[in-house]
Amino acid sequence: MTPNSSRTRFIVATALAGVAMLSWPDASTRASATAATTAIVVTPVNVPADAARPAQRLRLGDGPIFPMQTTPRCDILDNFADPRSGGRTHEGVDILATRDQEIYAVTDGTLTLQVLAGSSGAGASLSGNLWTLTAPNGSYSVYAHLSGFAAGLSAGSVVRRGQLIGYVGDTGNAGPGNYHLHFEWHPGGGAAVNPLAVIVIPRECAVY
Ligand SMILES: [Zn+2]
């Protein structure tokens, strides 16, 4: 458990399926929407009681969705803020998967940064293939260690929530065969927070 999660108890509740389907009408998000219909909702308890009702907490209009296809593997490491080499801390969570599982835009927005594995780009040796996606309200999400990018996308591309943007890989410092998505969430464009506190975790996924 991280220092962050150890301070926080969580409420688990069943998501509202109908709301999810209505809010994500395009076909590209159908897999995510289906996953959400059987999802559990995890939220900190330090909010007003009425705000803990599922219909309100989902806030599908502005909250990030789960970033990855959940099959065949979805094992989430709750390792936000863990220490890393060089005095760094882990700015996200790692979602263990198999090679080429699909990665989805968690919000509408613009792909503001693309890093290519093996390039001289900033942090490329750590991140490997990476996207940063910035939402209209300034919140941004980061996806690292990708095996590759969805066809037709480049820095500056505008994407929709739930759109396929890339595939799980082991590039950068992930380690050969350690296929996982490194995912970060920066609300309002500020410091990273533990994404597990704000996203709906599909039932198919386990958290460790
Ligand atoms: Zn990571």
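The structure under discussion appears in the preceding block.
So, here is what we can say about the structure in this document. (Residues numbered from 1 in each chain as written. Predicted model: local features only at pLDDT ≥ 70, side-chain atom pairs only at ≥ 80, totals over all residues. Heavy atoms only, no water.)

## What about the side chain of Thr171?
(1) Moving on: With respect to the helices and strands, the residue Thr171 is situated in the loop between β10 (164-168) and β11 (180-186).
(2) Moving on: A polar contact is formed between the side chain of Thr171 and the backbone nitrogen of Asn129, at a distance of 3.1 Å.
(3) Moving on: Within the structure, Thr171 has its side chain in polar contact with the backbone oxygen of Leu146 (distance 2.9 Å).
(4) Moving on: The residues contacting Thr171, other than those within four sequence positions of it, are Ala117, Ser127, Gly128, Asn129, His145 and Leu146. (Helix = DSSP H or I, 4+ residues; strand = E, 2+ residues; numbered from the N terminus. Polar contact = N/O pair within 3.5 Å; in protein donor to acceptor, adjacent residues only side chain to side chain. Contact = heavy atoms within 4.5 Å.)

## Looking at the coordination of the zinc ion
(1) Moving on: Within the protein, His90 (NE2), Asp94 (OD) and His182 (ND1) serve as the donor atoms for the zinc ion, at 2.0 to 2.1 Å.
(2) Moving on: Sequence spacing of the donors to the zinc ion: H-x3-D-x87-H. With His90 in the loop between β3 (75-77) and β4 (93-96) and His182 in strand β11, this pair connects stretches of sequence that are 92 residues apart.
(3) Moving on: For His90, a relative accessible area of 7% puts it in the buried group. (Donors = N, O, S within 2.8 Å, 3.2 Å for Na, K, Ca; no water. Buried < 20%, exposed > 50% of the residue type's maximum accessible area, 1.4 Å probe, protein only.)

## Considerations on the side chain of His145
(1) Moving on: As for its placement among the helices and strands, His145 is situated in strand β8 (residues 140-149).
(2) Moving on: Separated by 2.8 Å, the side chain of His145 and the backbone oxygen of Thr171 make a polar contact.
(3) Moving on: Apart from the residues within four sequence positions on either side, His145 is in contact with Leu126, Ser127, Asn129, Val168, Gly169, Asp170, Thr171, Gly172, Asn173, Ala174, His180 and His182.

## Considerations on the pattern of salt bridges
(1) Moving on: In this structure the tally under the stated criterion is four salt bridges.
(2) Moving on: For Arg73, the salt bridge is made with Asp75, and the minimal N-O distance between the two is 2.8 Å.
(3) Moving on: Exposure remark for Asp75: the relative accessible area of 16% places this residue in the buried category.
(4) Moving on: In this structure, Asp94 engages Arg84 in a salt bridge whose closest nitrogen and oxygen atoms are separated by 3.9 Å. With Asp94 in strand β4 and Arg84 in the loop between β3 and β4, this pair connects stretches of sequence that are ten residues apart.
(5) Moving on: The exposure class of Arg84 is partly exposed, given its relative accessible area of 31%. (Salt bridge = Lys/Arg side-chain N within 4 Å of Asp/Glu carboxyl O.)

Without other data, these values stay purely geometric and don't point to any function.
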